[in-house]
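Letter by letter, the chains look like this.
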Amino acid sequence: MEKDQRIVIVGAGAFGLGTALRLKEEGYKSVTILDRSVPPVPDGSSNDISRIIRFDYGDPIYAEIAKEAFDLWKTPGYKEAFHQAPCMWVCQDGTPEQPVQPRAHEYSEKTKRVLTEMGQEWVPVNSVEEAKQHFPKLTGRLATTGFDGFYNTSAGWADAGLACARLMSRCASAGVSFITGPNGHVEEFEKHQDGSIKSVRTKSGRVEGDHFIISTGAWTASLIPSWNSMLAAGQVVGYLRLTPEEVTELRDVPIYFNFSTGFFAFPPHEPTGYLKVACHGFGYTRSDTSVTSAPPGSAVASRANYIPADGLKRLTSGLVDLFPQLAPRGFEKVGICWYNDTPTGDFIFDYHPEHKNLFIATGGSGHGFKFLPVIGKYIVGSWQRKLSGELLSKWKFPTQFRERFQGEVFTGDGSRGGPERRELTAHEIDTFDAALKAASSRPSKI
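Peer 1: Pulling in residues and values, what's your account of the overall build of the chain?
Peer 2: What the chain contains, in helices and strands, is ten helices and 22 strands. What you see for the chain is a C-alpha radius of gyration of 21 Å, in line with the 22 Å of a compact globule of 446 residues. With the principal axes as the frame, the chain shows a C-alpha extent of 65 × 50 × 45 Å. Within the chain, the fraction of its 446 residues that count as buried is 59%. Taken as a whole, the chain presents about 17500 Å² of accessible surface, with 51% of it coming from carbon and sulfur. The distance from the centre of the 49 positive side-chain charges to the centre of the 51 negative ones in the chain is 4 Å.

Rendered as structure tokens:
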């Protein structure tokens, strides 16, 4: 790649920012990021008060790269946003009221095996009683029946919004150009006769370039032909307001993740006083937009304060399992975080098969943020085709799904829990869109 060619990155989330900084570090002279919002992008999956930082994976490739990233989270440039804390992983049996995924125990065992092979320590937790001996501030039942778990002290969480804001500053200092607002709100790619991209058309103009990298997360399918390679899936998130005394009392609780139900929770976020809980499940889709399963694409100031009733029930049930004394208070805020899922949960770092100068960097599948300190290295390495054949193959554009598939192929990597994916109802979409409109009229606090 010629270092003086114009590189245009669409999307200012973790993947886009990380890519831009890496390109400047390697000496590329013209790097421009376009986004409808100034990062941290308010409704992007890279922006929130917390994201889990861990290398507990059932896949050894992701485990090794996540360990590389984990070590860098503790260094200047990232440590301001990072908080080390133990992470406890739990499996349980299901009930009619709380269905679980049968793959959970299998994924947990794979994860422990990978950690052992890496020479990393983990601590078995064989019962609820044992869990409470380790973490006495967890006052709930923790699981229904069939409890099995482990925890790893080499883990933590990051203030995602803060981390992206700091990364944007580093990009700007390195010479990355930013175009935001209507000038950066990309609507489509304009092509040469041979299919290569010549420019992007925005709401108020166009931007030309020589190479284009699209890192727009769950909005990617609304901008490029993606066939059946990715799916925008909404996951529910809730924020419970704590008193200052409760923040202090719960400061040392672990990150809790239930493989079986998909429910997870963080230690308190002291700057806001929130206790955040969420679900890492199969999520919700909406196919009422111009591109199947793409979330709404209008510029917003914050996430819509709405989730479906069954999602609220899942969050409340999980909160009861941990802190039954807090559950009656209810959530001060809720929201939907849009994942860009791939069939296997693998990233897509590859050239588009129909556009030779368009590179795709997406498919975070709900686990991409933790790689922030190293993600640019791997995206740029893929773009340059310098990575190992194993990684290039793992992250290739999955053209095998180009033909309309039969049945569910978005099964992920085995780490998802809870009920099956479902489409939002017409009433839920109307309510969500009304809440989104209201969110657009007020400044974001999360």
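Next comes the rest of the write-up.
Peer 1: Summarise the environment of Tyr378; cite the residues concerned and give the values.
Peer 2: In this structure, Tyr378 sits in helix α8 (residues 372-383). For Tyr378, a relative accessible area of 10% gives the class buried. Residues Tyr378 and Leu392 lie 14 residues apart in sequence; the distance between their C-alpha atoms is 9.8 Å. Excluding its chain neighbours within four sequence positions, the residues that come into contact with Tyr378 are Ile65, Glu68, Phe349, Leu387, Leu391 and Trp395.

Peer 1: Explain the nonpolar core to me, using residue names and the numbers behind them.
Peer 2: Counting residues in hydrophobic clusters, the biggest one holds 78 residues, and the most contacted among them are Leu23, Trp73, Phe349, Phe369, Phe371, Trp383 and Trp395. Not counting the four nearest positions on each side in its chain, Trp395 is found in contact with Tyr62, Ile65, Phe347, Ile348, Phe349, Asp350, Tyr378, Ser382 and Leu387. Leu138, Val247, Tyr306 and Val334 belong to the second-largest nonpolar core, a separate cluster that totals 45 residues.

About the thresholds
- Residues numbered from 1 in each chain as written.
- Predicted model: local features only at pLDDT ≥ 70, side-chain atom pairs only at ≥ 80, totals over all residues.
- Heavy atoms only, no water.
- Helix = DSSP H or I, 4+ residues; strand = E, 2+ residues; numbered from the N terminus.
- Rg over C-alpha atoms; globule rule 2.2 N^0.38 Å.
- Buried < 20%, exposed > 50% of the residue type's maximum accessible area, 1.4 Å probe, protein only.
- Areas by Shrake-Rupley, 256 points an atom, 1.4 Å probe, with all protein chains shown as cover.
- Lys, Arg positive; Asp, Glu negative; His and termini not counted.
- Charge placed at Lys NZ, Arg CZ, Asp CG, Glu CD.
- Contact = heavy atoms within 4.5 Å.
- Core = buried A, V, L, I, M, F, W, Y, C linked by side-chain atoms within 4.5 Å.

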